[in-house]
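# Secondary and tertiary structure notes
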Amino acid sequence: MNYELLNSGKRQEACGVCGGYAEDQPLAFLTCFSLYALQHRGQESAGIAAGPGEGRKLWLKKGMGLVSDVFPDSADLKGIVCKMAIGHVRYSYGQEGRNPENTQPLKLRYRYGELAVVHNGHLLNSTGLREELECQGAIFQTDTDSELLAHMVARQGSSCLEESLAEVVPRLKGAFAFIVSDGHKVIGIRDGYGFRPLSLASLDGGGYFLASETCAFDTIGASFIRDLEPGEMVVIDEGGLRSRPIIDFPCSKLCVFEFIYFARPDSNLQGKNVHLVRRELGRQLAREHLVAADIVSGVPDSSIAAASGFAEEAGLPYEMGMVKNRYIGRTFIKPTQKMREEGVDIKLNAVKKIVEGKKVVLIDDSIVRGTTSVKLIKIMRRAGASEVHLRISSPPVTGSCYYGIDIPDAHELIAYNRSADEIPALIKADSIGYLSMDKTVEAVGLPADKLCRACFTGRYPVLPG
Ligand code: SF4
């Protein structure tokens, strides 16, 4: 993906969270494996909290880097005696991303014991809430929304975590999926619009598990039950599973970018398989923007499914015209623009024997700033492609995201205030074609009003309060 992100100055994260409660299960170990499955959602840091351990304290290990860097001996985690565990992989950018203090889970001690929190998303009213708490004497050690929630819970004054969360979470405005634990129960919460995904599964042998994506359940042999509803709080403890709505007037607005780019192809969101949706996006794209060409290629990895759908529909051969070096992190996690740009060159290369002398349809899932597209076209031309027609399996991105996805401010977007006709000259492509919004929604297969599409349409869901 061309997710050349950004220096928007906004604090944003798109992370992976997971965690569960069970008797007699190696929960820390299972959580670690789930984090491996969620690694695509963040590579900046990883961590696990488990408990209650000795002295009823929570065990915590976290650090910068990939899951395998932080937990090189994951088998050792089988030895951790616990009834709960929660985990986190973090995506972030800029200085903040390199700050080890912002790694999660966040563990805090308050008057009723210990609290561990992980989250995915972005709070729009965090500045105001932080100032309010600081005026009351709160001292923050991190920049995370997890710490904000922990402080609010601690000040609630109730020994019942569940009740405290039900009181304070409605005050949070934004996109979030939290998993919180005091060592005795694990609580999952989704914001009132359900921007960020969070699903529930049962564990073989008893207990329940939550994760940002269903691919994590497959990895640990858990059985998917359902996605959490927007505004829902699910509590898992020795009494089993219970649930209740805690946010008034919930309304589903799942981020459509989860289907286009973020989620893993083997995950299902709202019952829709991500790979199949991407293939259908490609098919629809071929119907809207067919072009005379010799081969179709996709930008690996997230555009391969759309490229195969395009080729199928167009009756053109799908070829692996571009390969990716898998040992270099995703372009969009590099914290500076320079690093991001260098990353593309190191990471992608064309297969000369495939593209030489050919008219190529190159499929990418989206264009943000356009700098990566310039490089992709250059790579194909350098390998001898006679024509390069860029086809994008989503509409033009014309606005930023205020709900936790790292998209630059509008004026940095290549499609901002420009028609599609102006773009080929800028990126040196022979032509470009974006999938229309209507066909994007049709390919996803969910009602348009159940999806957030604001960075494409400019119609941002208004948050209450
Ligand atoms: Fe997703 Fe765009 Fe909505 Fe942000 S604005 S939540 S990236 S669809």
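Summary of the structure given here. If you're wondering where the values come from, they're calculated on a predicted model, not measured in any experiment.

### Section: the sheet that holds strand 7 (residues 174-181)
- The strand order across the open sheet formed by six strands is 5-6-7-8-12-13, and the pairing between neighbours is antiparallel. Edge strands, defined here as strands with exactly one partner in the open sheet, are strand 5 (106-110) and strand 13 (240-245). Averaged over neighbouring strand pairs, the angle between their axes works out to 20 degrees when direction is ignored.

### Looking at helix 6 (residues 161-168)
- When you tally the buried positions in helix 6, you get six out of eight residues, the bulk of the element.
- Looking at helix 6, one finds that the buried residues are Leu161, Glu162, Ser164, Leu165, Ala166 and Val168.
- Turning to helix 6, the residues buried within the fold contact strand 6 (113-123), helix 5 (145-156), strand 7, strand 8 (186-190), strand 12 (232-237) and strand 13.

### Comments concerning the environment of Gly188
- Take Gly188: it is sitting in strand 8.
- Of the residues examined, Gly188 reaches a relative accessible area of 0% and is grouped as buried.
- Sequence separation of Gly188 and Ala177 is eleven residues, and the distance between their C-alpha atoms is 7.2 Å.
- With residues near it in sequence (within four places) discarded, Gly188 still touches Phe178, Ile179, Leu198, Leu210, Leu228, Glu232, Met233 and Val234.

### What about the pattern of salt bridges?
- One pass over the structure, following the stated rule, counts 21 salt bridges.
- For Glu132, the salt bridge goes to Arg171, with nearest N and O atoms at 2.9 Å. Pair noted here: Glu132 is in helix 4 (residues 126-135) and Arg171 is in the loop between helix 6 and strand 7, with a separation of 39 residues, a long-range link.
- Glu132 gets classed as partly exposed once you look at its relative accessible area, which sits at 34%.

### A closer look at helix 9 (residues 274-288)
- An ideal rise of 1.5 Å per residue puts 21 Å on 15 residues; helix 9 measures up with 21 Å between its terminal C-alpha atoms.
- Listed in full, the buried residues belonging to helix 9 are Val274, Val277, Arg278, Glu280, Leu281, Gly282, Arg283, Gln284, Leu285 and Ala286.
- Residue Asn273 occupies the N-cap position of helix 9, its side-chain oxygen lying 3.1 Å from the main-chain nitrogen of His275.

### Let's talk about the side chain of Asn102
- Mapping Asn102 onto the fold places it in the loop between helix 3 (94-97) and strand 5.
- Asn102 gets classed as buried once you look at its relative accessible area, which sits at 0%.
- In this structure the side chain of Asn102 is engaged in a polar contact, spanning 2.9 Å, whose partner is the backbone nitrogen of Asp143.

### Side note on the packing of helix 4 against helix 5
- Packing of helix 4 against helix 5 leaves a shortest axis separation of 11 Å and a crossing angle of 45 degrees. As summarised for this structure, helix 4 and helix 5 are arranged oblique, according to the angle between their axes. Every pair of crossing elements has a handedness; the one defined by helix 4 and helix 5 is left-handed. Across the interface between the two elements, Ser126, Leu129, Arg130 and Leu133 from helix 4 touch Asp145, Leu148, His151, Met152 and Arg155 from helix 5.
- In terms of residue class, the contact of helix 4 with helix 5 is built from four nonpolar, two polar and three charged.

### Some points on the sheet that holds strand 1 (residues 16-21)
- The seven strands lie next to each other as 3-2-4-1-10-9-11, forming an open sheet whose pairing is antiparallel. Either end of the sheet is taken by a strand with one partner, and the two such strands are strand 3 (59-64) and strand 11 (223-227). Sheet twist, expressed as the average angle between the axes of neighbouring strands with direction ignored, equals 15 degrees.
- Looking at chain direction, strand 9 (residues 199-202) and strand 11 are connected through four bridges and run antiparallel.

### Concerning unusual backbone geometry
- Of note, the amide linkage connecting Gly51 to Pro52 takes the cis form, showing an omega dihedral of -5 degrees.
- Here Pro52 shows up in the loop between strand 2 (45-51) and strand 3.
- A cis amide bond, omega -5 degrees, links Pro300 with the succeeding residue Asp301.
- Looking at the secondary structure, you find Asp301 in the loop between strand 17 (295-298) and helix 10 (304-314).
- The phi angle at Phe249 is positive, at roughly 50 degrees, despite the residue not being glycine.

### Focus: the packing of helix 5 against helix 6
- Where helix 5 contacts helix 6, the two axes come as close as 9 Å, and the packing angle between them is 115 degrees. By the angle between their directions, the pair helix 5 and helix 6 is classed as roughly perpendicular. For the crossing formed where helix 5 meets helix 6, the hand is right-handed. Taking contact as the criterion, the partners of Leu149, Met152, Val153 and Gln156 in helix 5 are, on helix 6, Leu161, Ser164, Leu165, Glu167 and Val168.

Reading guide: rules and limits
Residues numbered from 1 in each chain as written. Predicted model: local features only at pLDDT ≥ 70, side-chain atom pairs only at ≥ 80, totals over all residues. Heavy atoms only, no water. Pairing = 2+ DSSP bridges. Helix = DSSP H or I, 4+ residues; strand = E, 2+ residues; numbered from the N terminus. Axes fitted to C-alpha atoms, helices over the stretch in contact; angles between N-to-C directions. Buried < 20%, exposed > 50% of the residue type's maximum accessible area, 1.4 Å probe, protein only. Contact = heavy atoms within 4.5 Å. Salt bridge = Lys/Arg side-chain N within 4 Å of Asp/Glu carboxyl O. Expected span 1.5 Å × (residues − 1). Polar contact = N/O pair within 3.5 Å; in protein donor to acceptor, adjacent residues only side chain to side chain. Parallel < 35°, antiparallel > 145°, perpendicular 65-115°, else oblique. Left-handed = near helix turned anticlockwise from the far one by under 90°. Nonpolar A, V, L, I, M, F, W, Y, C, P; charged D, E, K, R; others polar.

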